[in-house]
Amino acid sequence: MYLCYVDESGTPDIPGNTSHFVLAGLSIPVWHWKDCEREINALKAKYDLKSAEIHTAWMLRKYLEQTKVADFDSLDYAQRRYEVGKQRKTDLLRLQKAGNSKRYRRTRKNYNKTEDYIHLNYDERRAFITEIAQCVSGWGFARLFAECVDKIYFDPARTTRTVDEQAFEQIVSRFEQYLEYTGSSQTGGNSGLLIHDNNPTVAKKHTELMKGFHRRGTLWTDVNNIIETPLFVDSQLTSLVQVADLCSYAMRRYLENGEEELFDLIFERADRKDGIAVGVRHFTDQICCCKICTAHRR
């Protein structure tokens, strides 16, 4: 039995505010599930993030309020939280008095999303995310599946699928094929379950898509080994969905900004067959020479 944790990075809207949409699935054998959870939780405890959700994009932002705190790096975690909280309350009160409701709402959202991380400076947050990626890189039993769509080259008129629907069909197909070729007839083959970050709109759409895949198959394969429709969970409560978020973020940032450090670590786990990275695809121009395209064509 294999569990495939799924999350996305970027927006599927065209044009949206990102050039790429990435859907990633990280597959873990069920007998390694507790080991992975223990390893992630130990790192969270190390950085005083025990009950926090790992949301990579929010963690790797710069927090201006920290620069306003004198000798921030010399303070302990409790003092850091107090001083940054004080700066943020002052900022929100100022925006309220100024009557700038749009900026107030945006700022309050940003502060809510990053509240769990304000005791860590940028280098510490970066180190934490890198250590999580190093964990993934070392999980020889894990497999990464991903569809990275360059929306410039995606033509809705040539497909019956939207960007996110195409990405989901690709993840399902590659996970199914992995279960097929790694299974054994003596043991009755492998089974797999998709575990997806919960989003009411996406949940309904992907559930209906999966029901269709079970009846008719995908464009590339029948679906015999993936059981049920995706299980949608609160990512705040499930560490491995948070790790899938890191994987999708790392791939998108590599493709959009050329950021290699996190990408190189998690790409070690891309599903490969006969030396070809079959599990991860970059949907883009034919002449692309990025690391994904090079490894996918090899």
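Residues numbered from 1 in each chain as written. Predicted model: local features only at pLDDT ≥ 70, side-chain atom pairs only at ≥ 80, totals over all residues. Heavy atoms only, no water.

**Considerations on the sheet that holds strand E1 (residues 2-9)**
The criterion, for reference: A pair of strands is labelled paired if DSSP reports no fewer than 2 bridges between them. Working definition: helices are DSSP H or I runs of at least four residues, strands are E runs of at least two. Numbering for both runs from the N terminus. All axes are obtained by fitting lines to C-alpha atoms, using only the stretch in contact for helices, and the reported angles, taken between N-to-C directions, cover 0 to 180 degrees. Two residues qualify as a contact provided that any one of their heavy atoms is within 4.5 Å of a heavy atom in the partner residue.
In spatial order, the strands read E5-E4-E1-E2-E3-E6; together these six strands make up an open sheet with mixed pairing. This sheet does not close on itself; its edge strands, each paired only once, are strand E5 (231-233) and strand E6 (280-283). If you compare each strand with its neighbour and ignore which way they point, the axes differ by 20° on average. Pairing of E1 with strand E2 (residues 20-29), which is carried by eight bridges, proceeds in the antiparallel orientation. In the strand pairing of E2, Cys4 is matched with Ser27. Along the sheet, helix H8 (residues 200-216) makes contact with strand E4 (192-197) and E5, crossing E5 at roughly 165°.

**A few points about the environment of Ile14**
Its location among the elements puts Ile14 in the loop between E1 and E2. Ile14 sits 148 residues away from Thr162 along the chain, and the two C-alpha atoms are 9.7 Å apart. Excluding anything up to four places from it in sequence, Ile14 contacts Lys151, Phe154, Pro156 and Val163.

**Observations regarding the pattern of salt bridges**
Short version of the rule: Each reported salt bridge corresponds to a side-chain nitrogen of Lys or Arg within 4 Å of a carboxyl oxygen of Asp or Glu. Relative accessible area decides the class of each residue, using a 1.4 Å probe on protein chains only: under 20% of the type maximum gives buried, over 50% gives exposed, and in between gives partly exposed.
As enumerated under the stated definition, the model contains 18 salt bridges in all. Here Glu131 and Lys46 are joined by a salt bridge, their closest N and O atoms 3.0 Å apart. Residue Glu131 is found in helix H6 (residues 122-138), and its partner Lys46 is found in helix H1 (residues 33-46); the two are separated by 85 residues along the sequence. A residue is classified by how much of its surface remains accessible, and Glu131, at 19% relative accessible area, is buried. Looking at Lys46, the relative accessible area reads 51%, which means it is exposed. A salt bridge links Asp164 to Lys205, with the nearest nitrogen and oxygen atoms 3.0 Å apart. Linking Asp164 in helix H7 (residues 163-182) with Lys205 in helix H8, this pair joins segments that are 41 residues apart in sequence. Via salt bridges that share partners, Glu147, Arg174 and Arg281 belong to a single interconnected network.

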